[in-house]
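# Coordinate inspection notes
What follows is each chain in one-letter form.
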Amino acid sequence: MFLTNQDMVELAEWRQQLHRMPELSGAEVETARAVQAFLSSTGADRIVTGIGGHGVAAAYEGAEPGPTVLFRAELDGLPIAEISDIPHRSAIAGRGHMCGHDGHMATLAALARGLGRQRPKRGRAVLLFQPAEEDGSGAAAVTADPKFREIAPDFAFALHNLPGIPLGHTALVDGPVNCASRGMRGTFTGKTAHASMPETGVSPMSAVAGLMPALTALGSGGPIDDTFAMVTVTHARMGEPAFGIAPAHAEVWATLRTLTDARMEALRARAEQLAESAARDSGLVVEIDYHDVFRHCENAPEAVGHLHRALEAEGVPCDRGFPPLRASEDFGRFGDHAPSAMFFLGAGENHPSLHNPDYDFPDHLIGIGARVFMRTLRDLLG
Ligand SMILES: [Zn+2]
Ligand SMILES: [Zn+2]
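Residues numbered from 1 in each chain as written. Chains lettered and ligands numbered in written order. Predicted model: local features only at pLDDT ≥ 70, side-chain atom pairs only at ≥ 80, totals over all residues. Heavy atoms only, no water.

Here we take up the sheet that holds strand S15 (residues 318-319). One open sheet accounts for eight strands, arranged S1-S2-S4-S3-S5-S16-S6-S15; its pairing is mixed. Each having just a single partner strand, strand S1 (46-51) and S15 make up the two edges of the open sheet. Alignment of strand S3 (residues 64-74) against strand S4 (residues 122-130), held across eight bridges, turns out to be parallel. Looking at S4, one finds that Leu70 is bridged to Val126. Sheet strands in contact with helix H2 (residues 29-41) are S1, strand S2 (55-61) and S4, and its direction is about 10° off that of S2. (Pairing = 2+ DSSP bridges. Helix = DSSP H or I, 4+ residues; strand = E, 2+ residues; numbered from the N terminus. Contact = heavy atoms within 4.5 Å. Axes fitted to C-alpha atoms, helices over the stretch in contact; angles between N-to-C directions.)

Only Cys99 (SG), His101 (NE2) and His160 (NE2) from the protein reach the zinc ion (ligand 1) as donors, at distances of 2.1 to 2.3 Å. In this structure, the zinc ion (ligand 1) lies 3.3 Å from the zinc ion (ligand 2), and both are coordinated by Cys99. Of the two residues, Cys99 sits in the loop between S3 and helix H3 (101-117) while His160 sits in strand S5 (residues 155-162), which places them 61 residues apart along the sequence. Overall, Cys99 belongs to the buried group, its relative accessible area being 6%. (Donors = N, O, S within 2.8 Å, 3.2 Å for Na, K, Ca; no water. Buried < 20%, exposed > 50% of the residue type's maximum accessible area, 1.4 Å probe, protein only.)

Turning to the sheet that holds strand S12 (residues 249-258), a few remarks are in order. Strand-to-strand pairing in sheets goes through backbone hydrogen bonds, with the strands running parallel or antiparallel. Ordered by their spatial adjacency, four strands build an open sheet running S10-S12-S8-S13, and the pairing between neighbours is antiparallel. In this open sheet, the two strands that pair with only one neighbour each are strand S10 (229-238) and strand S13 (285-294). When the angles between neighbouring strand axes are averaged without regard to direction, this sheet yields 20°. On top of the sheet, helix H6 (residues 261-282) reaches strand S8 (180-189), S10, S12 and S13; it is set at about 10° to S8, its chief contact.

At Ala132, a position not held by glycine, the phi torsion is positive, near 45°. Classification of Ala132 as buried rests on a relative accessible area of 5%. At His355, a position not held by glycine, the phi torsion is positive, near 75°. For His355, the location among the structural elements is in the loop between strand S16 (340-346) and helix H8 (364-381). On the basis of relative accessibility, which here comes to 34%, the residue His355 falls in the partly exposed class.

If you check H8, its first and last C-alpha atoms are 27 Å apart, about what 18 residues at 1.5 Å a residue would give, namely 26 Å. Counted residue by residue, H8 has 14 buried out of 18 residues, so it is predominantly covered. (Expected span 1.5 Å × (residues − 1).)

Geometry sets the ideal angles at a metal, namely 109.5 degrees for four tetrahedral donors and 90 or 180 degrees for six octahedral donors. Here the zinc ion (ligand 2) is held by Cys99 (SG), Glu134 (OE), Glu134 (OE) and His355 (NE2), and the distances to it run 2.1 to 2.6 Å. In this structure, the zinc ion (ligand 2) is coordinated by four donor atoms arranged in irregular fashion, with angles at the metal of 54 to 151°. For the zinc ion (ligand 2), the donor residues sit on a single chain with the sequence spacing C-x34-E-x220-H. (Tetrahedral: all angles 85-135°; square planar, octahedral: opposite > 155°, others 65-115°.)

Counting across every chain of the model gives eight aromatic pairs. Here Trp14 and Phe38 contribute two aromatic rings whose centre-to-centre distance is 4.9 Å and whose plane-to-plane angle is 45°, an arrangement assigned as tilted. Here Trp14, found in helix H1 (residues 5-20), pairs with Phe38, found in helix H2; they are 24 residues apart in sequence, far enough to count as distant. Residue Phe38 is classed as buried on the basis of its relative accessible area of 9%. Directly above the ring of Tyr290 sits Arg182, whose terminal nitrogen or CZ lies 4.7 Å from the centroid. (Phe/Tyr/Trp six-rings, centres within 6.5 Å; stacked < 30°, edge-to-face > 60°. Lys NZ or Arg CZ within 6 Å of the ring centre and 35° of its normal.)

Structure, rendered in structure tokens:
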């Protein structure tokens, strides 16, 4: 290990400090400040701030020319109230680091400390702390920012901790690794009426009642392959909380999910057709818009090869038959710019799931993730 026991204690404390102060997507002001301060303390050759919002990146330069290798962590927490009574529980009501992004940041902080003491021989290591992963906007904003050219990678790597995999074990998937998803909102408008004379109005009730199961039935479920599709109705509302008015307005929110972007286009078209025909049948006007759009995330063979060699060299158990995740991840955006890959780092088979209110990143994983990344980096840059 390239870090001392004292380093590991300090990194766990730093992670726990971040855990106490979760910030939501796009509002990671104090988190970015803490990251910048840590990176400065390691003597990074260059620190870029305000990239794609509150993003922060540090570069460590080798003496000889060579490729740029980027590692990504995420800055954001979630609007989930933490229910644990751990000493470092969230100090902010209604918010929690329930996806382990605090731990991903600490893993890159460990790399930063190592790189501060020993630069790569050639090329450049970039540690990127990306904002707004949870709503799917951050990676797109970072890669669209003109400042991204200053840190443009030749390879990009990331990890996500994953409960359900034994603690400290890993999984590495070839090809598509996270599903595409998008939030579809259908807004229906008819005409209010007195509740005693509903026939004089246009109610969205039948349309909404029929649409929710019809959307759900578009999903095939089953194994996560090219034909996989899933629609989850997440929210619906109609009219006003009043007994005297037959309603005019309704909204249905549903998350569409497929393994590939190509399949998503077909699912989106079918879902829109259903919403439009439901509206037409009831004489309603419908508007459809989309939120939290994630493209599928794909691991490139070359980048997977580098990670796999590093995992083997570090003696970290790795499952190569692991299926892609239903959950989405915006790291795939970096694949537009460089061969990219992410691996899953087991948080324990019985650990609370991601986004559960009692989730907490296991500090034990900081050192494992950092060792794998540092080995990947040294293999590429020396
Ligand atoms: Zn996450
Ligand atoms: Zn998450």
